[in-house]
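Observations on chain architecture
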Amino acid sequence: MTPRNPTVCGNVAAAEQGRLTMMLGATRDELVPALPAIEAVSDQEFFLGTVGAGAAVKLANNVFSILNTFAVYEAFRLADAYGLGHAELIAVCQASSGSSKALINFEKFDWSMREHTLADSAEIYHLVSKDLEMASAAARHAGVELAYVDVATAMTPSLLERRRRELGLDLIGAPDDA
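Residues numbered from 1 in each chain as written. Predicted model: local features only at pLDDT ≥ 70, side-chain atom pairs only at ≥ 80, totals over all residues. Heavy atoms only, no water.

**Describing the packing of helix α3 (residues 53-81) against helix α8 (residues 147-166)**
- Contact pair α3 / α8: the axes reach a minimum separation of 10 Å and the direction vectors enclose 50°. Judged on the interaxial angle alone, α8 and α3 are oblique. In terms of crossing hand, the pair formed by α3 and α8 is left-handed. Together, V63, L67, F70, Y73, E74 and R77 of α3 and Y148, V149, A152, T156, L159, L160, R162, R163 and E166 of α8 make up the contact between the two elements.
- Looking at side-chain class alone, the contact of α3 with α8 contains 9 nonpolar, 1 polar and 5 charged residues. (Axes fitted to C-alpha atoms, helices over the stretch in contact; angles between N-to-C directions. Helix = DSSP H or I, 4+ residues; strand = E, 2+ residues; numbered from the N terminus. Parallel < 35°, antiparallel > 145°, perpendicular 65-115°, else oblique. Left-handed = near helix turned anticlockwise from the far one by under 90°. Contact = heavy atoms within 4.5 Å. Nonpolar A, V, L, I, M, F, W, Y, C, P; charged D, E, K, R; others polar.)

Here it is as structure tokens:
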């Protein structure tokens, strides 16, 4: 069996419950010997064929997740400016074209801003922006520009500080290199 690059979405609890999503840079046939181990920790496996494809899909998924979360908070700010509640905005978006997992699960990101082990540290900026930075670097390596990702990466500290303020959390200040 040729070693490949498995990437996952999920956490330790998901792995223990066999609920990880695995993105594998290999074909299913190439990983037959490893399937029992893979299937023990995941309930969804995507066999993407080529080395690097698993990591590329993981980065692309995280770009969607992060940018969609930022878009949710921008939409909330617009709704707030017009005196609209978040519940009304969510209901309208779910019934029309604006729905997304980030909208439906925005509380999870708010929870992490309060409860994550890095929540009160400037390292939280790196945690959020690292996948954007890695996606941008991978795109440059492939000769592709991701201008929106580059802008979002640069804006991450100010977006996170603004959300902390909206949640009534202490500001932690952007890291020196942000």
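Here the narrative resumes.
**Looking at the sheet that holds strand β3 (residues 42-47)**
- Spatial strand order, β1-β2-β3: 3 strands in an open sheet with mixed pairing. Only two strands of the sheet have a single neighbouring strand rather than two, namely β1 (6-9) and β3. On average, adjacent strands in this sheet sit at an angle of 20° to one another, irrespective of strand direction.
- In terms of strand pairing, β1 meets strand β2 (residues 20-24) through 4 bridges, oriented antiparallel. Bridge pairing in β2 places C9 opposite T21. (Pairing = 2+ DSSP bridges.)

Treat this as a map of the structure, not an account of what it does.
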